[in-house]
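Chain and residue survey
Below are the chains, spelled out letter by letter.
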Amino acid sequence: MSKIIWSKIDEAPALATYSLLPIVNAFTKEAGVEVVTSDISLAGRVLAAMGLAEDELSKLGEVVLQEDANIIKLPNISASVGQLKDCIAELQGQGYDIPNYPENPANAEEEAIQAKYSVCLGSAVNPVLREGNSDRRAAKAVKNFAKNNPHRLKPYAENSKARVAHMSGNGDFYGNEKSVTMDKAQKVTIALNGKELKTVDALEGEILDGTFMSVAALRDFYRKTIDEAKAEGLIWSLHLKATMMKISDPIMFGHGFEIFFEEVFTKYADLFKELGVNPNLGMSDLEKKIAGHAQEAEIKAAFQAVVEADAPKIAMVDSDKGTTNFNASNDIIIDASMPVVVREGGKQWDRNGDALETVAVIPDSTYGMFHAEMVADCVKNGQYDVTTMGTMQNIGLMAQKAEEYGSHPTTFELAEAGKVTVTAEDGTELMSFDCEAGDIWRMSRAKDIPIRDWVRLTVERTRIEGIPAVFWLDENRAHDAEMIKKVNTYLKDHDTSGLDIQIMNVTDATRFTNARIRKGEDTIAVTGNVLRDHLTDMYPILELGTSAKMLSIVPLLAGGGLYETGAGGSAPKHVDQFLEEGHLRWDSLGEFLALAESLRFIAQKHNSDKLAAVTAGLDAANDGYLGNNKAPSRKCGEPDNKASHFYVAQYWAKALAESDNAELAAKFAPVAQALVENEDKIMSELLAAEGKPQDIGGYFHPDDAKAEKAMRPSATLNAIIDAI
Ligand SMILES: NC(=O)C1=CN([C@@H]2O[C@H](COP(=O)(O)OP(=O)(O)OC[C@H]3O[C@@H](n4cnc5c(N)ncnc54)[C@H](OP(=O)(O)O)[C@@H]3O)[C@@H](O)[C@H]2O)C=CC1
Ligand SMILES: O=C(O)CCC(=O)C(=O)O
Ligand SMILES: [Mg+2]
């Protein structure tokens, strides 16, 4: 039996799994493939951190280094402190004897507890599993479906004032960056004023970048954008990635929050200190800290006064619930939020739920430049046309914690002013930086083997697709200048004859890609890790309506495969709706597509005709699913996620019944017949389960039996599937 590991995760895709996995296993076992789960949910990781469950994530971290790894990774929660605390409380309520999360540890014991829990915070899963580079694109059938069934993109107003504000390159990560390529493997020490901050083992050929965000420059930039937004009547919105950049970006968020409400933070500085207010955790945490205090009402009124008088309007992350852009750092996720700005005609929502033109504030110009050009392009040329637009495919450098996304252990909020040095063991000073107290200094790393593989994958994909590929590299950025040297060297290892492979800076690459997209032409964007993340939500959200419909393949360096289900997240809103009314609007298309790729990989590796036939059957089912538009409806009382799984099962069985493989045809003919004949009965059983609240025994840690019951309400369907 070959094995596919299917990650057990959180929220909507986890609920969908209860219905989908029994179907998947029933079909794949016929071709010798068993699909097993591995629990990397937030609750699972919390219990593992406290020694109450197996550490499945670490085990998977070993599996991805093996040649036969085959993992389907669904999106999981990248937890904020608030989500972590809620999860802990739920587990305690279920009887697990685990301690509270000590936010401000008061002694060594609490510090140890905090350290144990901290491995569950932020983006803790993806960096462990991503031992390969990223190949994200829309399957042709999915792209064509979107063109024929366009979602709505809002037009831009004439003379729209929407724009992106980023720092000018002075004082930000872009402007301060220095970069070296290691000529030999050796230890490298980062020190502040001669005191060691961290020592790491650098590899030969590895690119090391040092840089910092000047906090004085950042605060000035925030002040300037706030004034400008007010003067121009634009809504002020902040876009960062505090989940993934879990050390630097919450701090940058905190400065934004403090500057926006500068008078309030100044006036109550002493009290906030006493109460342990941490601006990096946002308004939701501040409200908890002041709750019950004698000055609570007065402080709330002071915040309100700023909103009503001196400040521009603030973007809301959820205007229905009244949560602003400052609610919690993890609520603002740039890869998800900027596509919404572009999609909505350059607008964000204010507290009344009105969409208004925004100045999207993205401090660091490294990535701000991409978003600035996206918005400027739409302001100049108008909204995209979903029915005709071309596609962006991405080849992203990601393996071995490449670049900024692996920089957490080497990011520091400097405790004092002075010189940060990066010195090799042989005594060579590689880089040095003059910084102020509070500046955010970081070192990022990109190892040589992943870079070679990224270039290889680019050539392979460009050859297959026959479309231009552009490396998004900026010779004026220190890191990219080192990278360009490597790319030019490693391209020579391949036959690139007849291929159109170019190198362009971020602004030019965005213009080039977008001009082609507007003409209906396709382009491969070859980017580093952060642009990978931003581009693979931006373009799919415009092209397909959601990035969850993308193929997201990670060919692992060791030879195995990791199939991520889209770039979308875990859709918490969908769970709320399911709990209230039994209707799950999550679309599992990403899972269907990932499964097909995962099966194809095994079929090719083991030369299995039978599995190839099962895979071809799933391809046909996926086409049928798209062609007949069986995606879940958003509304209760209409077919939802469960019904969509039923249709995929029916189409899959029908395809296998007609397969050239006689064994499969014989096995699945009666299944197909039963699924067709009982369609009305099954649909009515599924719909009868909607319209009522569901009890699944927990949000973060549901009761498997209850959740399975809620997600498999059709006795007729279950009997057919379970009998296969
Ligand atoms: N790879 C990973 O593991 C990732 C994890 N995350 C995590 O996910 C959580 C939620 O993030 P959030 O930013 O809200 O993003 P989500 O992608 O979960 O949701 C954004 C919206 O996109 C739509 N959507 C996304 N996926 C689907 C789907 N399969 N079917 C139908 N609609 C879909 C939904 O729109 P509508 O509500 O209109 O139906 C949804 O509300 C966070 O904890 C975040 O850290 C985020 C990104 C990636
Ligand atoms: O790991 C995370 O927190 C998010 C990952 C993500 O956004 C992506 O890979 O597109
Ligand atoms: Mg993303």
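These figures come from a predicted structure and were not determined experimentally.

**Some points on the coordination of the magnesium ion (ligand 3)**
Asp335 (OD), Asp533 (OD) and Asp537 (OD) make up the full set of protein donors to the magnesium ion (ligand 3), lying at 1.9 to 2.8 Å. Every donor residue of the magnesium ion (ligand 3) comes from the same chain, spaced as D-x197-D-x3-D. Linking Asp533 with Asp537, this pair stays in helix H20 (residues 529-543), spanning four residues, or about one helical turn. The pair Asp533 / Asp537 is uniform in exposure class, with both members buried.

**Overview of the site of ligand 2**
All residues in the neighbourhood of ligand 2 are listed as Ser78, Ser123, Asn126, Arg130, Arg136, Lys241, Met244, Asp335, Arg532, Asp533 and Ala567. A distance of 2.5 Å separates an oxygen atom of ligand 2 from a polar side-chain atom of Asn126. A distance of 2.8 Å separates an oxygen atom of ligand 2 from a polar side-chain atom of Lys241. Protein contact buries 89% of the 290 Å² of open area that ligand 2 shows by itself. When the residues that make up the shell around ligand 2 are grouped by side-chain class, the tally is two nonpolar, three polar and six charged.

**Let's talk about the nonpolar core**
Of all hydrophobic cores here, the largest spans 77 residues; its most connected members are Phe27, Leu595, Trp652 and Leu675. The residues contacting Trp652, other than those within four sequence positions of it, are Val24, Phe27, Thr28, Leu595, Leu599, Val614, Gly617, Leu618 and Ala621. With 41 residues, the next largest nonpolar core counts Phe257, Phe260, Phe261 and Phe265 among its residues.

**Some remarks on the site of ligand 1**
Taken together, 24 residues surround ligand 1, and among them Gly569, Ser570, Ala571, His574 and Arg585 come closest. The side chain of Asn126 places a nitrogen or oxygen atom 3.5 Å from a nitrogen atom of ligand 1. At 2.3 Å, a backbone N or O of Ala571 approaches an oxygen atom of ligand 1. The leading source of residues in the shell around ligand 1 is helix H21 (residues 572-581), at three residues.

**Things to note about the pairing of strand S21 (residues 501-504)**
With four bridges joining them, strand S20 (residues 469-472) and S21 adopt parallel strand pairing. Note on S21: the bridge partner recorded for Trp472 is Met504. With helix H18 (residues 478-491) bridging S20 and its parallel neighbour S21, the resulting β-α-β unit is right-handed.

**As for H20**
Spanning 15 residues, H20 covers 21 Å between terminal C-alpha atoms, matching the ideal 21 Å at 1.5 Å per step. A large share of H20 lies buried, amounting to 15 of its 15 residues. Remark: Gly545 follows H20 within two positions and exhibits a positive phi of approximately 95°.

**Digging into the pairing of strand S17 (residues 418-424)**
Across five bridges, the pairing between strand S7 (residues 186-192) and S17 is antiparallel. If you follow Ile190 over to S17, its bridge partner there is Val422. When S17 meets strand S18 (residues 429-435), the two strands line up antiparallel, connected through six bridges. Paired with Gly418 across the bridge in S18 is Cys435.

**Details of the environment of Leu21**
Its location among the elements puts Leu21 in helix H1 (residues 11-28). With a relative accessible area of 10%, Leu21 lands in the buried category. Taking the C-alpha atoms as reference points, Leu21 and Trp6, separated by 15 residues in sequence, lie 8.7 Å from one another. In this structure, Leu21 is in contact with Trp6, Val35 and Thr37, ignoring residues within four places of it in sequence.

**Side note on helix H25 (residues 662-677)**
What sets the pattern is the α-helix's 3.6 residues per turn: residues three or four places apart point alike. Spanning 16 residues, H25 covers 22 Å between terminal C-alpha atoms, matching the ideal 22 Å at 1.5 Å per step. Among the residues of H25, those classed as buried are Leu664, Ala665, Phe668, Val671, Ala672, Ala674 and Leu675. Summarising the contacts, the buried residues of H25 are in contact with H1, helix H23 (609-627), helix H24 (641-657), helix H26 (679-688) and helix H28 (715-722). For H25, the N-terminal cap is Asn661; the gap from its side-chain oxygen to the backbone nitrogen of Glu663 is 3.1 Å.

**A closer look at the domain arrangement of the protein chain**
By the assigned domains, the protein chain splits into domain 1 (2-131 + 563-722) and domain 2 (388-400 + 448-553). For domain 1 and domain 2, the distance between their C-alpha centres works out to 30 Å. Contact between domain 1 and domain 2 buries roughly 1,100 Å² in total, counting both sides, with carbon and sulfur atoms accounting for 59%. Of all residues in domain 1, Arg130, Glu131 and Ala567 give up the largest surface area on contact with domain 2, accounting jointly for 38% of the area buried on that side. Taken together, the links from domain 1 to domain 2 amount to two residue pairs in polar contact (both at pLDDT 80 or more). Broken down by secondary-structure element, the contributors of at least two residues to the side of domain 1 that touches domain 2 are strand S24 (561-565) and helix H22 (589-605). When residues of the side of domain 1 that touches domain 2 are assigned to their parent elements, the largest contribution, four residues, is made by H22. Among the residues forming the side of domain 1 that touches domain 2, the class breakdown is four nonpolar, three polar and five charged.

Cut-offs and rules
- Residues numbered from 1 in each chain as written.
- Chains lettered and ligands numbered in written order.
- Predicted model: local features only at pLDDT ≥ 70, side-chain atom pairs only at ≥ 80, totals over all residues.
- Heavy atoms only, no water.
- Donors = N, O, S within 2.8 Å, 3.2 Å for Na, K, Ca; no water.
- Helix = DSSP H or I, 4+ residues; strand = E, 2+ residues; numbered from the N terminus.
- Buried < 20%, exposed > 50% of the residue type's maximum accessible area, 1.4 Å probe, protein only.
- Near = heavy atom within 4 Å.
- Polar contact = N/O pair within 3.5 Å; in protein donor to acceptor, adjacent residues only side chain to side chain.
- Areas by Shrake-Rupley, 256 points an atom, 1.4 Å probe, with all protein chains shown as cover.
- Nonpolar A, V, L, I, M, F, W, Y, C, P; charged D, E, K, R; others polar.
- Core = buried A, V, L, I, M, F, W, Y, C linked by side-chain atoms within 4.5 Å.
- Contact = heavy atoms within 4.5 Å.
- Pairing = 2+ DSSP bridges.
- Right-handed = clockwise from strand over helix to strand, strands pointing away.
- Expected span 1.5 Å × (residues − 1).
- Domains from an automatic or database assignment.
- Buried area = accessible area lost by both parts, 1.4 Å probe.

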